[in-house]
Amino acid sequence: QVQLVESGGDLVQPGGSLRLSCVLSGNIFSFGTMAWHRQTPGKQRELVAIITRDGTPNYVDPVKGRFTISRENAKKAVYLQMNSLKPEDTAVYYCSAVIVDTRTLRPADYWGQGTQVTVSS
(Lines give C-alpha, C1' and ligand atoms only; values in the text may rest on other atoms or scores of the structure.)
Protein backbone atom coordinates (compact mmCIF):
# COMPACT_ATOMS: atom_id res chain seq x y z
CA GLN A 1 0.00 0.00 0.00
CA VAL A 2 1.34 3.41 -0.99
CA GLN A 3 0.77 6.47 1.20
CA LEU A 4 1.53 10.16 0.83
CA VAL A 5 1.39 12.18 4.03
CA GLU A 6 1.46 15.98 3.98
CA SER A 7 2.33 18.23 6.90
CA GLY A 8 3.11 21.86 7.60
CA GLY A 9 -0.23 23.54 7.02
CA ASP A 10 -1.12 26.29 9.47
CA LEU A 11 -2.69 29.69 10.02
CA VAL A 12 -0.31 32.45 8.97
CA GLN A 13 -0.56 36.21 8.54
CA PRO A 14 -0.34 37.83 5.09
CA GLY A 15 3.29 38.21 4.09
CA GLY A 16 4.31 35.22 6.18
CA SER A 17 5.91 31.93 5.18
CA LEU A 18 5.17 28.23 5.50
CA ARG A 19 6.95 25.08 4.42
CA LEU A 20 4.86 22.09 3.43
CA SER A 21 6.27 18.57 3.42
CA CYS A 22 5.05 15.37 1.81
CA VAL A 23 6.58 11.98 2.47
CA LEU A 24 5.96 8.82 0.48
CA SER A 25 5.84 5.39 2.08
CA GLY A 26 4.76 1.84 1.34
CA ASN A 27 5.34 -0.54 -1.55
CA ILE A 28 7.29 1.84 -3.78
CA PHE A 29 9.42 0.45 -6.57
CA SER A 30 10.18 3.86 -8.03
CA PHE A 31 8.69 7.33 -8.26
CA GLY A 32 8.96 10.18 -10.71
CA THR A 33 7.25 13.54 -11.11
CA MET A 34 5.90 15.07 -7.92
CA ALA A 35 3.60 18.02 -7.53
CA TRP A 36 1.62 20.27 -5.22
CA HIS A 37 -1.97 21.23 -5.84
CA ARG A 38 -4.54 23.28 -3.94
CA GLN A 39 -8.29 23.46 -3.65
CA THR A 40 -10.75 25.92 -2.14
CA PRO A 41 -14.44 25.20 -1.47
CA GLY A 42 -16.51 25.29 -4.63
CA LYS A 43 -13.52 25.33 -6.94
CA GLN A 44 -11.63 22.69 -8.85
CA ARG A 45 -8.33 21.47 -7.57
CA GLU A 46 -5.52 23.36 -9.31
CA LEU A 47 -1.88 22.62 -9.93
CA VAL A 48 0.51 24.89 -8.02
CA ALA A 49 3.97 23.52 -8.76
CA ILE A 50 5.53 20.44 -10.28
CA ILE A 51 9.02 18.96 -10.16
CA THR A 52 10.54 16.21 -12.27
CA ARG A 53 12.67 13.42 -10.86
CA ASP A 54 15.83 15.27 -11.88
CA GLY A 55 14.65 18.37 -10.03
CA THR A 56 13.33 20.60 -12.81
CA PRO A 57 10.55 22.76 -11.35
CA ASN A 58 7.63 24.60 -12.92
CA TYR A 59 5.08 26.92 -11.34
CA VAL A 60 1.73 28.45 -12.15
CA ASP A 61 1.89 32.19 -12.64
CA PRO A 62 0.16 33.25 -9.37
CA VAL A 63 2.93 31.67 -7.26
CA LYS A 64 6.01 32.34 -9.38
CA GLY A 65 8.68 34.14 -7.38
CA ARG A 66 6.96 33.31 -4.07
CA PHE A 67 6.82 29.50 -3.91
CA THR A 68 9.66 27.01 -4.31
CA ILE A 69 9.18 23.29 -4.85
CA SER A 70 12.01 20.90 -4.03
CA ARG A 71 12.52 17.20 -3.42
CA GLU A 72 14.80 14.77 -1.67
CA ASN A 73 14.65 11.44 -3.49
CA ALA A 74 16.58 9.59 -0.78
CA LYS A 75 13.92 10.60 1.73
CA LYS A 76 11.06 10.10 -0.72
CA ALA A 77 9.94 13.63 0.05
CA VAL A 78 8.74 16.74 -1.72
CA TYR A 79 8.52 20.21 -0.20
CA LEU A 80 6.80 23.49 -0.94
CA GLN A 81 8.35 26.63 0.52
CA MET A 82 5.74 29.38 0.43
CA ASN A 83 6.82 32.98 1.01
CA SER A 84 4.97 36.30 0.83
CA LEU A 85 1.71 34.48 1.42
CA LYS A 86 -1.52 36.18 0.42
CA PRO A 87 -5.10 35.58 1.59
CA GLU A 88 -5.86 34.12 -1.85
CA ASP A 89 -3.33 31.35 -1.14
CA THR A 90 -5.74 29.98 1.47
CA ALA A 91 -6.64 26.43 0.46
CA VAL A 92 -6.17 22.77 1.21
CA TYR A 93 -2.85 21.77 -0.31
CA TYR A 94 -2.34 18.28 -1.71
CA CYS A 95 0.80 16.56 -2.91
CA SER A 96 0.83 13.99 -5.69
CA ALA A 97 3.40 11.67 -7.18
CA VAL A 98 3.74 9.25 -10.03
CA ILE A 99 4.67 6.00 -8.33
CA VAL A 100 5.41 2.49 -9.51
CA ASP A 101 3.98 0.07 -6.97
CA THR A 102 6.09 -3.03 -6.24
CA ARG A 103 3.08 -5.26 -6.78
CA THR A 104 1.78 -3.92 -10.09
CA LEU A 105 5.05 -2.50 -11.50
CA ARG A 106 2.91 0.06 -13.31
CA PRO A 107 3.02 3.84 -12.81
CA ALA A 108 -0.01 5.50 -11.28
CA ASP A 109 -0.89 8.84 -9.71
CA TYR A 110 -1.11 8.85 -5.93
CA TRP A 111 -2.41 11.65 -3.71
CA GLY A 112 -2.07 12.73 -0.12
CA GLN A 113 -4.95 13.62 2.20
CA GLY A 114 -4.27 17.37 2.16
CA THR A 115 -3.13 19.98 4.64
CA GLN A 116 -4.94 23.24 5.36
CA VAL A 117 -3.18 26.55 4.75
CA THR A 118 -5.00 29.65 5.96
CA VAL A 119 -3.62 33.13 5.32
CA SER A 120 -5.43 35.71 7.41
CA SER A 121 -4.78 38.56 9.78
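Let me sum up the structure you'll find in this document. (Residues numbered from 1 in each chain as written. Predicted model: local features only at pLDDT ≥ 70, side-chain atom pairs only at ≥ 80, totals over all residues. Heavy atoms only, no water.)

## Describing the pairing of strand β4 (residues 28-39)
Looking at chain direction, β4 and strand β9 (residues 91-101) are connected through nine bridges and run antiparallel. By the bridge assignment for β9, F31 is matched with I99. Bridging between β4 and strand β5 (residues 46-51) involves five bridges; their strand directions are antiparallel. Bridge assignment links A35 to a residue of β5, and that residue is I50. (Pairing = 2+ DSSP bridges. Helix = DSSP H or I, 4+ residues; strand = E, 2+ residues; numbered from the N terminus.)

## Some thoughts on the state of the cysteines
The full count for this structure, using the stated rule, is one disulfide. Covalently, C22 is tied to C95 through a disulfide, its sulfur atoms 1.9 Å apart. For the disulfide bridge between C22 and C95, the dihedral angle about the S-S bond is near 45°, and by the sign convention the bridge is right-handed. One end of the pair, C22, is in strand β3 (residues 18-26); the other, C95, is in strand β9, and 73 residues separate them in sequence. Of the residues examined, C22 reaches a relative accessible area of 0% and is grouped as buried. (Disulfide = S-S within 2.5 Å. Buried < 20%, exposed > 50% of the residue type's maximum accessible area, 1.4 Å probe, protein only.)

## Here we look at the pairing of β9
Burial within β9 is extensive, with nine of its 11 residues counted as buried. Note that β9 and strand β11 (residues 115-119) share three bridges and pair antiparallel. Bridging from a neighbouring strand, Y93 pairs with T115 of β11. Across five bridges, the pairing between β9 and strand β10 (residues 107-111) is antiparallel. Note that in β10 the partner of S96 across the bridge is W111. Connecting β9 to the antiparallel partner β10 that follows it, the hairpin turn spans five residues, and L105 within it adopts a positive phi of roughly 55°.

## Considerations on the packing of aromatic side chains
Applying the stated criterion across every chain yields a total of zero aromatic pairs. The positively charged end of R19 is found above the aromatic ring belonging to Y79, 4.1 Å away from the centroid. Lying over the aromatic face of F31, R53 brings its terminal NZ or CZ to 5.0 Å of the ring centre. (Phe/Tyr/Trp six-rings, centres within 6.5 Å; stacked < 30°, edge-to-face > 60°. Lys NZ or Arg CZ within 6 Å of the ring centre and 35° of its normal.)

## Notes on the environment of V48
You can see V48 is positioned in strand β5. The class for V48 is buried, based on a relative accessible area of 0%. Distance from V48 to H37, taken between C-alpha atoms, is 4.9 Å for residues 11 residues apart in sequence. When residues no more than four places from it in sequence are discounted, the contact partners of V48 are W36, H37, R38, N58, Y59, V60, V63, F67, L80 and Y93. (Contact = heavy atoms within 4.5 Å.)

## What to know about unusual backbone geometry
Of note in the backbone geometry, K76 takes a positive phi value of approximately 55° without being a glycine. Among the structural elements, K76 can be located in the loop between β7 (67-72) and β8 (77-82). Given the relative accessible area of 30%, K76 is considered partly exposed. One non-glycine residue with positive phi stands out, namely S84, at about 50°.

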